[in-house]
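Here is how the chains run, residue by residue.
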Amino acid sequence: MQKTIVIVEDEPAIRENYADYLRKEGYRVRSYGGRDEALKGIQGNIPDMALLDIRLGSDMDGGFEICRALRASSATIPILFLTARDNDMDRISGLRLGADDYLSKDISLAHLNARISALFRRIEAYTAPPVQEQIMHRGALALDMQRYTARWRDTPIDLTLTEFWMTHCLALHPGHVKNREQLMNEANTVVDETTITSHIKRIRSKFIRADDAFDSIETVYGIGYRWLDNR
Amino acid sequence: MSPRFFIPKRFSFSLRRKLLLVSLSLFIIPWMGFQYIHELERHLRQQQQEMLLDKARLASNLLKNEARLFETFVDRNGHGIADETIHHLYIRPLHSPIQLDGYAEDWEPYAERFISHHSVNDPGFSFSYIAGTYREYLYVICHVTDRQIVYRKPNSLKLDHNDFIQIAMENPQGEQVNYIIATTGPGWVNAQRLSNNGQERTSTGNEFRIKGEWQESDDGYTVEFRIPQAFIGRRLAFSIADVDDPQPGNIRNRLETSNTSSEGGLGTVSITTPLTEKILNEIGHDNTRIWITDRNRRVLSMQGEIAAGMDAVATQSRWSERMTGLLYSSILGEPGGAPGDPDQNRSVMEGDEITAALQGRPATAWRSLPGRNISILSASHPVLVDGAIVGAVTLEESSSKILILQNQALQNIVSITLIAFSVTSLGLLLFSSIISNRVTRLRNDINECIDHEGKIVKRLDPQNSADEIGDLSAGFARMLDRLHEYNDYLENIRGTLSHELRTPLTIVRSSIENLEQALEGKQENIYIRRAQEGIAQLGGILNRMSEATRIEQAMQHSEKSCFDLNDFLQRYLDGYQGSHPSTPLAFTAPPQAIHMQGIPELMAQMLDKLISNAADYRAQQTPVTIELSSHRRKVTLRVINVGPPLPAAMREHIFDPMVSQRTLMQPQETKPVLPEPLPAGPQQSTPQHATPPVHLGLGLYIARLICEFHNGSIRAENISDPERVAFIATFRECGKTSLY
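Note that the structure is a prediction, hence the values are computed from the model and not measured.

A look at the interface of chain B and chain A
Every contact between the two is made by 33 residues of chain B and, on the other side, 35 residues of chain A. For the chain B and chain A pair, buried surface summed over both sides reaches about 3,100 Å², with 51% attributable to carbon and sulfur atoms. For the pair chain B and chain A, the number of links is zero salt bridges. Scanning the region where chain B abuts chain A turns up eight residue pairs in polar contact (both at pLDDT 80 or more). When contributions to the side of chain B that touches chain A are tallied by element, the ones reaching two or more residues are α8 (468-519), α9 (526-556), α10 (565-579) and α11 (600-617) of chain B. Sort the elements by how many residues they give to the side of chain B that touches chain A and α8(B) lands first, with eleven residues.

The structure is reproduced here in structure tokens:
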């Protein structure tokens, strides 16, 4: 069945480019330029996924409002935030809106597509449980490779897709140092040093919230990061 | 701490000094005050002198008619006894009768009049005497110190084989007569007339009218006797002889009031007569002494008391007035004249004023009594009889040393003026100091607000006073605030620019990607490829432009901890070397742990920048050297590469944003064919065609940001021999270090 994606982005060229691209990928796309327009559009007509810009025109947090409205209607709809500023990522993380990922507008459409596909696969994994579970265990960590969920000592950890991919990258080979390049590749993103650092920081803090003795992610200065097993 | 931007202290001629100069001109006021006091004092003195001189003139006028008084020492031919070496004796009247008992009680009131003579040869021999007239007699009391008293043998005719007193005089007829008092023992005595034999002293008969008492005393003897005034003419002298051995009868020693041996040598004498007393009563005044002298300064007559016993100004005991007195005497120099103490027992008048008067010029003189607050003013006026100077009359008056102090009101006014002036000038000085301080404080405040780059690091707290300095301060505060806003704006341009550019870049990128998708399957389009590479570069530039901002945000949200820098560096450099095998590294550090407060991830980023910078500029085949050291809680981290020195202008600005060494210098190494993976900056989506990134000159700026975030400072230095460039970051050690 064809999936519907809603894009809310105030810059028309970007909005249309995204819409065109996704349509070519086979999705049905509804696009809106402002908050009120979007809210009206989704009323009674919840899409299968939403791609939200945070700042809509003069409305600084328009995207958040739409997110809340969508979440009120559906707990499972995947929501992706598009951020222009880097501190937005911290904000979104802090607000715990239940976003599935937050992406810089820098992201290439190919990487965006990778995420969309992954998120749709995840939905399928929830609705129709796969025949064979693919769960990667590393010590207290359990990564569900189909549902893209993580558990630490059986506590679910709410990681975004990007964060999940990074954690997977590290934990796949515990003790091996992964540099930024490798992390970026695994996470389907192209970012600089500082952004990687803040991603890792957010991952750490999410794990620490569940277990304040968590220190399995080690910074290896000058190279990158590594996963420490069996603490 | 980063070096500060200073407003240079060009004006060494500061406000304070200028005000001091101006206030120096204020010193005219007290100077004029002092001049005024001088003038006043001088004027008051002048006045007093003139008044006294006037009185002296009046006195001398009255004396014009008393020529007889002055003729005492003129002989029959009218020639005066001019020899001034002859001793003159002036005898003053007594006011009470004297008991001739050999005891001195009745001489008590005249105790000041004692005249002493001491022997030069024999210190044990001296005498002092007073002579005074009462009624028709001249009374004399004489104390003699004599260790050995030898009395005359009762029946001896020789008068001089014993201690004796000789009286030599010229009688009114002009003949010289000698008497001796040589007693056989203490008690009642009378004089013996002497023959005019010169040397030999034998009695020619008693003179019972010269009689008295001889008493022994502790150190000698005392004789009180009287001589009828009628005996005495113009000359009189006393002589005391000391004989210690009656046998040979030699006169061991002699003291005399004048030379009794020769006629011409006898001292002259003046005795106040009723005539002179009358005259003096007419011209005398209260509190004035009056002296009449002849041409040769001999005192002919004298009368009066000056209030020398009391201080002229009654209330000198008050502290404030003593202080005022000291003040004035310091202003006036030596007030009241040269020190002197005119003896009221004088028989001969000394003094320049007398000399001048005797030469025909009336004159005055001031003498200051030492140790007391009074001076004696004396005014001398010549006495002319028929146009010739026959003598002088001198008036003496006591007066306060500082005349202006006599006037209470004047004193108060001048004192108040001085106090008021001091208070005012102190007030002005204080005020000027305050102003100067405020201006200095303003300058210091401003200096603190700006750092060496011109970046505004602090708001100016304006001084809250409603005057010009307050206005200036507020003006500066406003100016700094505006500058700060502008600087913020400029700093944010980078961030704003990169942010604003992101949107069009996203548009272009997504458009190209769509285009690529549309052309997929058809031949690979080289133009799309190139466009995508360009977009990637643009994205890289934007990322690096905003990197600084992101780091700043990261710094704000992170907490510092105390970590071991030494250990960290070891691990970091191991890692770095592993991922950058073509850059040789050399690391030196002391063995002990060195702790600092900070965030290791940020330090790693700083090192990334510094090392990559050093690696770019190092000479071929040379390593990048990292040195860590610590001294007295100061941690120094050096990143050194071998290479040509930095130009001086660069060294300060190299840490500024958008300043790149490449604008002035070329990197040492040739560009590698395959560049190693970049430590910072985005990875290309198509790494095979990676081109070296455009240098925005931000690396060192970020290094500096991180350094300053850690409360440290960073600088660049050139080292010679061999030529190297060092980037030196310093931090403070944090608590965990054990004391070394």
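There is more to say, and it comes next.
A closer look at the packing of helix α8 (residues 193-210) of chain A against α11(B)
Between α8(A) and α11(B), whose axes approach to 12 Å, the crossing angle comes to 165°. It follows from the interaxial angle that α8(A) and α11(B) lie roughly antiparallel. Crossing of α8(A) against α11(B): the hand is right-handed. For the pair formed by α8(A) and α11(B), the contact residues are E193(A), T194(A), T197(A) and R204(A) on the first element and E601(B), Q605(B) and D608(B) on the second. A per-class count over the contact of α8(A) with α11(B) returns no nonpolar, three polar and four charged.

Here we look at the packing of aromatic side chains
Two aromatic rings, taken as a pair, are described by how far apart their centres are and by the angle between their planes. Tallying each qualifying case throughout the model produces 24 aromatic pairs over all chains. A network of ring pairs unites the aromatic residues Y221(A), F563(B), F568(B), Y572(B) and Y576(B) as a single cluster. The aromatic ring of Y137(B) is capped on one face by R226(B), whose charged end is 3.8 Å from the ring centroid. Between K560(B) and the ring centre of F709(B), over which it is positioned, the NZ or CZ distance is 4.7 Å.

Looking at unusual backbone geometry
Residue and element names in this part refer to chain B. You will see that R135, though not glycine, has its phi angle at about 50°, which is positive. Tracing the backbone shows R135 in the loop between β3 (126-134) and β4 (137-145). With a phi close to 70°, R297 is a non-glycine residue in the positive phi region. With respect to the helices and strands, the residue R297 is situated in the loop between β13 (288-294) and β14 (299-303).

Some details on the pairing of strand β18 (residues 388-400) of chain B
Residue and element names in this part refer to chain B. Along β18, eleven of the 13 residues are buried, which leaves the element largely enclosed by surrounding structure. Pairing of strand β17 (residues 374-385) with β18 involves twelve bridges; the strand directions are antiparallel. Residue pairing in the sheet places I374 in a bridge with S400 of β18.

A word on the packing of helix α5 (residues 109-127) of chain A against helix α6 (residues 161-172) of chain A
Residue and element names in this part refer to chain A. The contact between α5 and α6 brings their axes to 11 Å, and the two run at 90°. Considering the angle they form, α5 stands roughly perpendicular to α6. Between α5, through A114, R115, A118 and L119, and α6, the contact on the second element is made entirely by L161, T162 and W165. Looking at the contact of α5 with α6 residue by residue, the class counts come to five nonpolar, one polar and one charged.

Re the sheet that holds strand β3 (residues 49-53) of chain A
All names here are of chain A. The strand order β2-β1-β3-β4-β5 describes an open sheet built from five strands, whose pairing is parallel. Each edge of the open sheet is held by one strand with a lone partner, namely β2 (28-32) and β5 (101-104). Strand-to-strand twist of the sheet, defined as the mean angle between neighbouring strand axes without regard to direction, takes the value 20°. Relative to β5, strand β4 (residues 79-83) is paired through four bridges, and the arrangement is parallel. Within β5, the position partnered with L80 by the bridge is D101.

Overview of the environment of P109(B)
Here P109(B) is to be found in the loop between β1 (88-93) and β2 (115-118). Distance from P109(B) to L94(B), taken between C-alpha atoms, is 9.3 Å for residues 15 residues apart in sequence.

Some thoughts on the state of the cysteines
All names here are of chain B. Scanning all chains against the criterion turns up one disulfide over all chains. Shown here is the disulfide that connects C562 with C734, its sulfur atoms set 1.7 Å apart. Taking the sign of the S-S torsion, about 60° here, the bridge from C562 to C734 comes out right-handed. Within this pair, whereas C562 is found in strand β19 (residues 561-564), its partner C734 is found in the segment after β25 (724-732), the two being separated by 172 residues in sequence.

What counts and how
Residues numbered from 1 in each chain as written. Chains lettered and ligands numbered in written order. Predicted model: local features only at pLDDT ≥ 70, side-chain atom pairs only at ≥ 80, totals over all residues. Heavy atoms only, no water. Contact = heavy atoms within 4.5 Å. Buried area = accessible area lost by both parts, 1.4 Å probe. Salt bridge = Lys/Arg side-chain N within 4 Å of Asp/Glu carboxyl O. Polar contact = N/O pair within 3.5 Å; in protein donor to acceptor, adjacent residues only side chain to side chain. Helix = DSSP H or I, 4+ residues; strand = E, 2+ residues; numbered from the N terminus. Axes fitted to C-alpha atoms, helices over the stretch in contact; angles between N-to-C directions. Parallel < 35°, antiparallel > 145°, perpendicular 65-115°, else oblique. Left-handed = near helix turned anticlockwise from the far one by under 90°. Nonpolar A, V, L, I, M, F, W, Y, C, P; charged D, E, K, R; others polar. Phe/Tyr/Trp six-rings, centres within 6.5 Å; stacked < 30°, edge-to-face > 60°. Lys NZ or Arg CZ within 6 Å of the ring centre and 35° of its normal. Buried < 20%, exposed > 50% of the residue type's maximum accessible area, 1.4 Å probe, protein only. Pairing = 2+ DSSP bridges. Disulfide = S-S within 2.5 Å.

Keep in mind these values describe shape, not function.
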